[in-house]
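Breakdown of the fold
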Amino acid sequence: MIDTRRQDEVASALRAFLPERCVLWQEEDTRPYECDGLTAYRRLPMVVALPETEPQVQRILETCHALGVPVVPRGAGTGLSGGALPPGDGVLLSMAKFTRVVRLDPLARIAVVQPGVRNAAISDVAAPFGLYYAPDPSSQIACSIGGNVAENSGGVHCLKYGLTVHNVLRVRGYTIEGVAVDFGSEALDAPGYDLLALAIGSEGLLAVTTEVTVKLLPKPETARVVMASFDDVEKAGNAVAAVIAAGIVPAGLEMMDKPATHAVEQFVHAGYDLEAAAILLCESDGSAAEVEDEIARMKDVLAAAGATRLAVSRDEAERLRFWSGRKAAFPAMGRISPDYYCMDGTIPKKRLGEVLNFIGAMEQKYGLRCPNVFHAGDGNLHPLILFDANDPGQLKRTEAFAAEVLEKCIEVGGTITGEHGVGVEKLDQMCVQFAAAELEIFHAIKRAYDPKGLLNPGKAVPSLARCAEFGRRHVHGGELDRPELPRF
Amino acid sequence: MSAGDPKAFSERIRGAAAEKRPLRIRGGGSKDFYGNEPQGELLDTRGHAGVVAYEPTELVITARCGTLLSDLDKVLFEHGQFLPFEPPHFGPAATVGGCVAAGLSGPRRASAGAMRDFMLGAKIVDGHGQLLAFGGQVMKNVAGYDVSRLLAGSLGTLGLILEVSLKVLPKPRAELTLELELPQARALESLNRWAGRPLPVTASAWRDGELGLRLSGADSAIRAAAEKLGGETVAPDQAAQFWAGLREQSDPFFAGDAPLWRVSLPSHAPVLELPGEQLLEWGGALRWLKSGADAASLRAAAARAGGHATLFRSRDKPAGVFAPLPPGLARLHRELKNAFDPAGILNPRRLYPEF
């Protein structure tokens, strides 16, 4: 329940310096902000602030800090871990109006953009100069760069071109106290600790981003993709290792299993081999001569690894069509199931077969289907559990299913989130992945930036009390916290 | 318990913290010259050595801090892989821990990325003597703050780096070095223009009107690029020696006693009009300057150009090694140091005199 007296107090304090259109508190206006891309978690924000200028952001933060009001920053609201779940007793700070490309310098190969600029829009404005912004999360037509910074978003090309952290030079923002901070610079490094690396992926807990300088890369002359079919998922997994072992770093290397290709094929008609147990998309980019050479090598390796069919994109339209199915994987699940739950674990690639078998066993155990799409090159799995949220039993089973899979990821030496973040969704699994002393360091880092704990509180890092209550022990690389103790 | 046992490090640090005794964490000592004057009782990390895990198909290597950087190179080389950021060793004693703590990158930095870009995970002993692990052995990992990247370049002030996992890549199939004659302003303009085109330039160095360019990749690609770029091809042996000389600063440019400044700028920043000899790397983003000019005016010039200046090598360092931080960032630095090492005993003042 919203405390209406507190709501009045905070809304009036903000309206003292913000135009009327920038402060929302009536339910019909705040309702659209109740969740982000993880719709299973909803909460009505007490107040929504929609600043239009940097000084307004600063003033909002100063005001909230002085009043002790929690602040949750929000970009495009496409996040998949509930990182922008609003505070019931605070201000949801929407950066949606920060949509300006401030500067694009083709010689310096940088773009300075406001946080609300969409990921794909950066490449659009850079295209006339033969440049683009490399990280391409599947949600790139909708997600904003501010959110990409918060989550350290990846995409299908990050094996070769890196994540957000590798493609951002500078983040400007404000701490909860309203202090302006510049992390990084337009040079390749900055003096002191690498606070830019710490800011990227910090899920909006350390500072509010108001401007981002991104690196632009020259668009490769050409790109082609090989689509390889396999009659067994484990063989497909081994083929991934074989490609890397051959000294090839593909521009993209993605895997989809049969249930996934069947789901997307009805939706986008990408031309996938529906007989295959799994398909791999393996992309080469560069000069025409280089690509021709590399595609030939990729085909040899994939064939030797047991591919049952190989198809190479003949032109750009066909290449984009091959990718369209992969990029549409999530919405396609929405067509074949009332709801789907997307997981985001990363594992060492060599454990793929084992983990996919484990997921198969979980499908049996919980009676739910789970197609798999996989950033195979960098070990990032996106199993998609299909369920019906109207059946509370199914939602519960889905959550239990997901928890088991994430803990399996930790067990095989991986992580509970490769690119979607912890948010509110994976707080319990953080207790399994990290020991108390490590979580305590995270809290200490948070206090360094935000001593009162007002910026996006309760997200990303669980309290030690929560972990104690959750009761599952931290396991690291197969070792328990205190291996010297006998356990029976 | 041997000297290289993590538990021994942990006890040593716990004891030092209780008594507020500063510790000077040191591997092979090849980078003793870098940063402010090392202080405190020696804590030698070399006993904790060895490659822990290496799967070439995972593109990840995990090694203990005391592992010789040259041993790591050797293991990777046997599998046709390498550390793409080409870290400078600055001597045969260089260790993996020192490489990460210094966070320095070599000639390939502008195209491949920096030391921090290849950091995937780390185990450390913090200032309380606690053994902690962050990140992991996978390429994508956003669970918790990116503490392992924060360690790159922290000069051991946040913790003793026990073990690291680094991303590695296959070595380029072929390389070719070109030499062109160009004055500095034109070299800068050309380097930036080329960097905006899909050319396989992986290193560049300009000095005294001569520009060296290294191309890497498929044979077909580098030959086609060489034709577009022009210039003379350098013999492979001579080229390898040239780039190694830059990376290790054994090149004659780096000889002599004049203070050596490392000026990091946006690559397109115009020619720095400062007294002293200059050598440019990283497509113009790194400018080495041998100059006795006063620190304040040099740092002001670097800041005006959008970057910062580090006193990389010098007999004395009265003005501090690293550019002073604005107050907001300085406070975050102190608070972060305090989060990891509240007693302030790990490599005190090596990075900034305030902590």
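Residues numbered from 1 in each chain as written. Chains lettered and ligands numbered in written order. Predicted model: local features only at pLDDT ≥ 70, side-chain atom pairs only at ≥ 80, totals over all residues.

For the rest of this paragraph, the subject is the overall build of chain A. Along chain A, the regular secondary structure elements total 18 helices and 20 strands. Here chain A has a C-alpha radius of gyration of 23 Å; the compact-globule value for 488 residues is 23 Å, and the two agree. With respect to the three principal axes, the spread of C-alpha positions in chain A is 70 × 65 × 45 Å. For chain A, the residues scored as buried account for 57% of the 488 residues in total. The contacts of chain A with a sequence gap of at least 6 include a subset with a gap of at least 24, amounting to 71%. (Helix = DSSP H or I, 4+ residues; strand = E, 2+ residues; numbered from the N terminus. Rg over C-alpha atoms; globule rule 2.2 N^0.38 Å. Buried ≥ 20, exposed ≤ 12 C-beta atoms within 10 Å, placed from the backbone. Contact = placed C-beta atoms within 7 Å.)

As a further point, take the sheet that holds strand S2 (residues 47-49) of chain A. Residues and elements named next belong to chain A. Pairing is mixed in the open sheet, where four strands are placed in the order S1-S2-S4-S3. With one partner strand each, in any of the chains shown, strand S1 (23-24) and strand S3 (71-74) form the two edges of the open sheet. Examined bridge by bridge, S1 and S2 share two bridges and lie antiparallel to one another. Note on S2: the bridge partner recorded for Leu24 is Val48. Helix H1 (residues 4-15) rests against S1, S2 and strand S4 (91-94) of the sheet, and its axis sits at about 15° to S2. (Pairing = 2+ DSSP bridges. Axes fitted to C-alpha atoms, helices over the stretch in contact; angles between N-to-C directions.)

Here we come to the domain arrangement of chain B. All names here are of chain B. If you check the domain split of chain B, you get domain 1 (6-170 + 334-340) and domain 2 (172-256 + 258-314). Contacts between domain 1 and domain 2 engage twelve residues on the former and 13 residues on the latter. Per-class residue counts for the side of domain 1 that touches domain 2 are six nonpolar, three polar and three charged. (Domains from an automatic or database assignment. Nonpolar A, V, L, I, M, F, W, Y, C, P; charged D, E, K, R; others polar.)

Residue and element names in this part refer to chain B. Among the eight residues that make up strand S8 (residues 160-167), eight are buried, leaving the element largely enclosed by the rest of the structure. Pairing analysis gives six bridges linking strand S6 (residues 119-125) to S8, with the strands arranged antiparallel. Residue pairing across strands places Gly121 opposite Ser165, the latter belonging to S8.

Turning next to the interface of chain A and chain B. At the interface, 76 residues of chain A touch 70 residues of chain B. If you list the elements that add at least two residues to the side of chain A that touches chain B, you get strand S9 (180-184), helix H8 (195-199), helix H9 (233-245), helix H11 (288-304), helix H16 (427-433) and helix H17 (436-449) of chain A. Top element by residues in the side of chain A that touches chain B is H17(A). It accounts for eight residues. Residues belonging to the side of chain A that touches chain B are distributed by class as follows: 38 nonpolar, 23 polar and 15 charged.

Now for the pairing of strand S7 (residues 131-135) of chain B. Residue and element names in this part refer to chain B. Burial analysis of S7 places four of its five residues in the buried class, which makes it a mostly covered element. Direction of pairing for S6 relative to S7: antiparallel, over a ladder of five bridges. In the strand pairing of S7, Val125 is matched with Leu131. Count of turn residues in the S6/S7 antiparallel hairpin: five residues, of which Gly129 carries a positive phi of about 85°.

Now for the domain arrangement of chain A. All names here are of chain A. The domains assigned to chain A are domain 1 (4-94), domain 2 (101-218), domain 3 (222-330) and domain 4 (337-488). Here domain 1 and domain 2 have C-alpha centroids that lie 23 Å from each other. Contacts between the two partners involve 14 residues from domain 1 and, on the opposite side, 19 residues from domain 2. Elements supplying a minimum of two residues to the side of domain 1 that touches domain 2: helix H3 (54-67) and S3. Tallying contributions element by element places H3 first for the side of domain 1 that touches domain 2, with six residues. For the side of domain 1 that touches domain 2, a count of residues per class yields six nonpolar, six polar and two charged.

This part is about the confidence of the model for chain B. Keep in mind that low pLDDT regions are not for reading the predicted coordinates in detail. Across chain B, pLDDT averages 97, with 99% of residues at or above 70. On the interface metric, ipTM, the complex scores 0.97, and its pTM is 0.96. (pLDDT = per-residue confidence, 0-100.)

Now for unusual backbone geometry. Among all residues save glycine, negative phi is the norm, and among peptide bonds the norm is trans. Residues other than glycine seldom take positive phi values, yet A:Asn152 does so here, at roughly 55°. Inspection of the secondary structure assignment puts A:Asn152 in the loop between helix H5 (145-151) and helix H6 (158-161). According to the C-beta neighbour criterion, A:Asn152 is buried, with 26 such atoms within 10 Å. Notably, B:Glu86 is not glycine yet its phi reads approximately 45°, a positive angle. As for its position among the elements, B:Glu86 is in the loop between strand S5 (81-82) and helix H3 (96-102).

Turning next to the sheet that holds strand S12 (residues 222-230) of chain A. All names here are of chain A. If you trace the seven strands from one edge of the open sheet to the other, you get S15-S12-S14-S13-S17-S18-S16, paired in antiparallel fashion. One side of each edge strand has no neighbouring strand; the edge strands of this open sheet are strand S15 (309-312) and strand S16 (339-342). Ignoring which end each strand starts from, the neighbouring axes of this sheet average 15° apart. As defined by bridge partners, S12 adjoins S15 across four bridges and the pair is classed as antiparallel.

A word on the environment of B:Ser154. Position of B:Ser154 relative to the elements: it lies in the loop between helix H5 (147-151) and S8. The spacing of B:Ser154 and B:Ile13 is 141 residues in sequence and 18 Å in space, taken between C-alpha atoms. Discounting residues that sit within four places of it in the chain, B:Ser154 has contacts with A:Tyr193 and B:Ala101.

Turning to the environment of A:Ala187, a few remarks are in order. Within the secondary structure, A:Ala187 is located in the loop between S9 and H8. Between the C-alpha atom of A:Ala187 and that of A:Arg170, which follows or precedes it by 17 residues, the distance is 9.0 Å. Contact partners of A:Ala187, with chain neighbours within four places excluded, come to B:Ser264, B:Leu265, B:Pro266, B:Ala285, B:Gly306, B:Gly307 and B:His308.

So, about helix H7 (residues 219-229) of chain B. Within H7(B), the full set of buried residues consists of B:Ala221, B:Ile222, B:Ala224 and B:Ala225. Buried residues along H7(B) cover an arc of 160° about the axis, so they all sit on one side. As for H7(B), its buried residues are in contact with strand S14 (278-286) and H11 of chain A together with strand S10 (174-181) and strand S12 (210-217) of chain B. Once H7(B) finishes, B:Gly230 follows within two positions and takes phi at roughly 80°, a positive value. (Arc of directions from axis to C-beta.)

Further remarks concern the nonpolar core. As a rule of thumb, nonpolar side chains are buried together in soluble globular proteins. Counting residues in hydrophobic clusters, the biggest one holds 256 residues, and the most contacted among them are A:Val91, A:Val214 and A:Leu280. Sequence-distant contacts of A:Val91, that is, excluding residues within four places in its chain, are made with A:Val10, A:Met46, A:Val47, A:Ala49, A:Ile60, A:Cys64, A:Val69 and A:Val71. (Core = buried A, V, L, I, M, F, W, Y, C linked by C-beta atoms within 7 Å.)

What follows deals with the packing of H1(A) against H3(A). In helix packing, the relevant descriptors are the interaxial angle and the interaxial distance, both defined with respect to the helix axes. Residue and element names in this part refer to chain A. Two numbers describe how H1 lies on H3: the axes approach to 10 Å, and their chain directions differ by 145°. Here H1 runs over H3; the crossing is right-handed. Side by side, H1 and H3 meet where Val10, Ala13 and Leu14 of the first sit next to Ile60, Thr63 and Leu67 of the second. Of the residues in the contact of H1 with H3, the class split is five nonpolar, one polar and no charged. (Left-handed = near helix turned anticlockwise from the far one by under 90°.)

With that out of the way, let us pick up the confidence of the model for chain A. Put simply, chain A has an average pLDDT of 94, and 97% of its residues get 70 or more. Segment residues 477-488 of chain A: pLDDT under 50, and six contacts once partners within four positions in sequence are set aside and those in other chains are kept.

Another point: the environment of B:Gln249. Residues and elements named next belong to chain B. With respect to the helices and strands, Gln249 occurs in the loop between helix H8 (236-247) and strand S14 (260-264). By C-beta crowding, Gln249 is classed as partly exposed, having 16 other C-beta atoms within 10 Å. Once the C-alpha coordinates of Gln249 and Glu11 are considered, the two residues, 238 residues apart in sequence, prove to be 38 Å apart. For Gln249, the contacting residues outside a window of four places in its chain are Pro88 and Phe254.

It is worth spelling out helix H1 (residues 6-19) of chain B at this point. The end-to-end C-alpha distance of H1(B) is 20 Å, a good match for the 20 Å that 14 residues give at a rise of 1.5 Å each. Residues of H1(B) that are buried make contact with strand S1 (23-26), S6 and S8 of chain B. (Expected span 1.5 Å × (residues − 1).)

Residues and elements named next belong to chain A. At their nearest, the axes of helix H14 (residues 352-366) and helix H15 (residues 392-411) sit 10 Å apart, and the two run at 160° to each other. As summarised for this structure, H14 and H15 are arranged roughly antiparallel, according to the angle between their axes. In this structure, H14 meets H15 at a crossing whose hand is right-handed. Across from Val355, Phe358, Ile359, Met362 and Tyr366 in H14, the residues of H15 making contact are Arg397, Ala400, Phe401, Glu404, Val405 and Lys408. Split by residue class, the contact of H14 with H15 holds eight nonpolar, no polar and three charged. (Parallel < 35°, antiparallel > 145°, perpendicular 65-115°, else oblique.)

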